[in-house]
Amino acid sequence: MLFPEGVAIDGISGEVTPSTDRYTKKLSELSGLFHDAAAFDKVVAEGGDPIAYEVVDYRKQECDICFGTTIMMPGQVGGEYFMTRGHFHERKDCGEGYYTQSGEGLLLLESREGEVRTVEMKPGICAFIPPEWAHRSINTGSEKLVFVWFCATDAGHDYGTIRERGMRKLVVERDGRPAIIDNPNF
Ligand code: PAN
Ligand code: ZN
């Protein structure tokens, strides 16, 4: 039986207490994601394979909703900001919410039909991710980007589509600011 409880979410560290699960993605695990493969190898080697992001879950399999945080480190690979893998949900009726707690970033979204949108990620903004929109978060700031996500427990992740063909746009630093450019490899 499940019991109600208050879950503490630290908006700066992203820690979730109590949590049920967590994982860390080191930069080397994101091989193939960034446009500049040589720059990627260099950052991994010279930067000591830094952590790119961490995901902390509060998830009860017996319940339909779950939530957690994503804690994204700042960094760049060949001018491209650190980003998540990006995915569609397996369940075609499942959307998601991303409520930014601290830091700054961009949420890059792409529909099945190929329409591209971005939503600014900054404290106070809760991004609505509709079903059937792939979503990738990008830390465009110099601090950690921490956001709370909430979705259906069994939404599932379809990573394959984005892994195989990438997304239509890249987010890169240009003149000290984030710029959204066409992905030349798409
Ligand atoms: C989030 C993401 C998390 C990491 O919990 O899974 O930010 O991003 P990737 O899974 O794309 O690497 C979410 O959108 N869940 O559905
Ligand atoms: Zn998702």
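Residues numbered from 1 in each chain as written. Chains lettered and ligands numbered in written order. Predicted model: local features only at pLDDT ≥ 70, side-chain atom pairs only at ≥ 80, totals over all residues. Heavy atoms only, no water.

1. A look at the overall build of the chain
Okay, so step 1: For the chain, the helix and strand inventory stands at 2 helices and 17 strands.
Okay, so step 2: For a compact globule of 186 residues, the expected C-alpha radius of gyration is about 16 Å, and the chain comes in at 16 Å, within 12% of that figure.
Okay, so step 3: When its C-alpha atoms are laid out on the principal axes, the chain stretches across 50 × 35 × 30 Å.
Okay, so step 4: For the chain, the share of sequence-separated contacts (at least 6 apart) that also reach a separation of at least 24 residues comes to 68%.
Okay, so step 5: Carbon and sulfur atoms provide 51% of the accessible area of the chain, an area that totals close to 9500 Å².
Okay, so step 6: Here the chain holds 20 positive side-chain charges and 30 negative ones, and the gap between their average locations is 3 Å. (Helix = DSSP H or I, 4+ residues; strand = E, 2+ residues; numbered from the N terminus. Rg over C-alpha atoms; globule rule 2.2 N^0.38 Å. Contact = heavy atoms within 4.5 Å. Areas by Shrake-Rupley, 256 points an atom, 1.4 Å probe, with all protein chains shown as cover. Lys, Arg positive; Asp, Glu negative; His and termini not counted. Charge placed at Lys NZ, Arg CZ, Asp CG, Glu CD.)

2. A word on the coordination of the zinc ion (ligand 2)
In an ideal tetrahedron of four donors about a metal, each angle is 109.5 degrees. In an ideal octahedron of six donors, the angles are 90 or 180 degrees.
Okay, so step 1: Protein coordination at the zinc ion (ligand 2) comes from His-87 (NE2), His-89 (NE2), Glu-96 (OE) and His-135 (NE2), with a distance range of 2.1 to 2.3 Å.
Okay, so step 2: Coordination at the zinc ion (ligand 2) comes from 6 donor atoms whose angles at the metal span 76 to 174 degrees, giving a geometry best classed as octahedral.
Okay, so step 3: In the primary structure, the donors to the zinc ion (ligand 2) are separated according to the pattern H-x1-H-x6-E-x38-H. (Donors = N, O, S within 2.8 Å, 3.2 Å for Na, K, Ca; no water. Tetrahedral: all angles 85-135°; square planar, octahedral: opposite > 155°, others 65-115°.)

3. Concerning empty space enclosed by the protein
Okay, so step 1: One pass over the structure, following the stated rule, counts 1 cavity of 30 Å³ or more.
Okay, so step 2: For the largest cavity, the calculated volume is near 40 Å³.
Okay, so step 3: Along its surface, the largest cavity is lined by Glu-80, Met-83, Leu-108, Arg-136, Ile-138, Lys-169, Leu-170 and Val-171.
Okay, so step 4: At the level of secondary structure, the elements contributing two or more residues to the lining of the largest cavity comprise strand 13 (133-139) and strand 16 (169-174).
Okay, so step 5: It is strand 16 that contributes the most residues to the lining of the largest cavity, 3 residues altogether. (1 Å grid on protein atoms, 1.4 Å probe; cavity = no way out; pocket = protein on both sides within 12 Å on 5 of 7 lines; lining within 4 Å. Points joined across faces, edges and corners; volume = space filled by probe spheres on them.)

4. Quick notes on the confidence of the model for the chain
Okay, so step 1: Residue-level pLDDT values for the chain average 98, and 100% of them are 70 or greater.
Okay, so step 2: Predicted as a complex, the structure gets a pTM of 0.97 and an ipTM equal to 0.99. (pLDDT = per-residue confidence, 0-100.)

5. A few points about the site of ligand 1
Okay, so step 1: The environment of ligand 1 is made up of 16 residues, and the closest members are Tyr-53, Thr-70, Arg-85, Tyr-98 and Tyr-159.
Okay, so step 2: Taking His-87, its side chain carries an N or O atom lying 2.9 Å from an oxygen atom of ligand 1.
Okay, so step 3: In this structure, His-135 approaches ligand 1 through a side-chain N or O atom, which is 3.2 Å from an oxygen atom.
Okay, so step 4: Protein chains shield 98% of the accessible area of ligand 1, which is 390 Å² for the free molecule.
Okay, so step 5: When residues of the shell around ligand 1 are traced back to their parent elements, those giving at least two are strand 4 (51-58), strand 9 (96-102) and strand 14 (145-152). (Near = heavy atom within 4 Å. Polar contact = N/O pair within 3.5 Å; in protein donor to acceptor, adjacent residues only side chain to side chain.)

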